[in-house]
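# Chains, contacts and geometry: an overview
So you can see what is in the structure, the chains are spelled out below.
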Amino acid sequence: LNGDAGRPAERMRLPVEAALLPHLQEAITGYTEYRQPFVAAPGICPLGAGPLYESFTILEVSGRLCICIEMRDDKLELTVGEAVAVRTHAMASRATGEARLVSS
């Protein structure tokens, strides 16, 4: 993802190697794990009920890049890009663009 406060982020599908290759020599400088209550189906498991959750992790790379990692339906989803754009996108959507469910 590329973007800043003045323009929307661009989404592009790339092979993992193409997205990560330019950054292989950079250090991971931090990480944050987020947990979102799992909703099996609307009306069956209300948001926030039960011990189940989905999680995603944001890796900070050299202060200017972030990588969001999430396992969903036996597939690893990655979002790679400028730190602000990835953080903003990851809190609202999965790498696929599907909106996250949030409690109100």
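My aim in this report is to walk through the structure given alongside it, one point at a time. As the structure is a prediction and not an experimental result, all values here were calculated from the model.

A few words on the sheet that holds strand 3 (residues 28-37). Strands belonging to one sheet form pairs held by backbone hydrogen bonds; the direction of such a pair is parallel or antiparallel. One open sheet holds the four strands; their spatial order is 3-4-5-6, and the pairing between them is antiparallel. At either margin of the open sheet sits one strand with a lone partner, and together these are strand 3 and strand 6 (75-82). Across the sheet, the mean angle separating the axes of adjacent strands is 20 degrees when strand polarity is ignored. Direction of pairing for strand 5 (residues 65-72) relative to strand 6: antiparallel, over a ladder of eight bridges. Considered in strand 6, the bridge of C66 is made with G81.

This paragraph deals with helix 2 (residues 83-92). Among the residues making up helix 2, those that are buried are A83, A85, V86, H89 and A90. The buried residues of helix 2 occupy an angular sector of 160 degrees when the element is viewed end-on, so they sit on one face. Exposed and facing more than 90 degrees away from the buried side of helix 2 are V84 and T88.

Counting seven residues, the largest nonpolar core is built from F56, I58, C66, C68, A83, V86 and A90. Contributing elements (two or more residues each) for this core: strand 4 (53-61), strand 5 and helix 2. If you tally residues by element for this core, the top one is helix 2, at three residues. In this structure, A19, L59, I67 and V80 belong to the second largest nonpolar core, which totals six residues.

The subject of this paragraph is the pairing of strand 5. Judged by how many residues are buried, strand 5 sits mostly within the fold: six of eight residues are covered. Looking at chain direction, strand 4 and strand 5 are connected through six bridges and run antiparallel. The residue of strand 5 that forms the bridge with V61 is L65. Hairpin connection of strand 4 to strand 5: three residues between the antiparallel strands, including S62 at a positive phi of 50 degrees.

As a further point, take the pattern of salt bridges. Overall, the coordinates contain seven salt bridges when judged by the stated rule. Look at the salt bridges and you will find they share partners, linking R72, E77, R94 and E98 into a network.

Turning our eyes to something else, we now look at the state of the cysteines. This model, assessed by the stated rule, comprises zero disulfides. Counting only cysteine sulfurs, C68 is the nearest neighbor of C66, a cysteine outside any disulfide, at a range of 9.0 Å. Classification of C66 by relative accessible area gives buried; the value is 2%.

Turning our attention to the packing of aromatic side chains. Applying the stated criterion to the full structure yields one aromatic pair. Here Y34 and F56 contribute two aromatic rings whose centre-to-centre distance is 5.0 Å and whose plane-to-plane angle is 15 degrees, an arrangement assigned as stacked. With Y34 in strand 3 and F56 in strand 4, this pair connects stretches of sequence that are 22 residues apart. For F56, a relative accessible area of 5% corresponds to the buried category.

Calculation rules
- Residues numbered from 1 in each chain as written.
- Predicted model: local features only at pLDDT ≥ 70, side-chain atom pairs only at ≥ 80, totals over all residues.
- Heavy atoms only, no water.
- Pairing = 2+ DSSP bridges.
- Helix = DSSP H or I, 4+ residues; strand = E, 2+ residues; numbered from the N terminus.
- Axes fitted to C-alpha atoms, helices over the stretch in contact; angles between N-to-C directions.
- Buried < 20%, exposed > 50% of the residue type's maximum accessible area, 1.4 Å probe, protein only.
- Arc of directions from axis to C-beta.
- Core = buried A, V, L, I, M, F, W, Y, C linked by side-chain atoms within 4.5 Å.
- Salt bridge = Lys/Arg side-chain N within 4 Å of Asp/Glu carboxyl O.
- Disulfide = S-S within 2.5 Å.
- Phe/Tyr/Trp six-rings, centres within 6.5 Å; stacked < 30°, edge-to-face > 60°.

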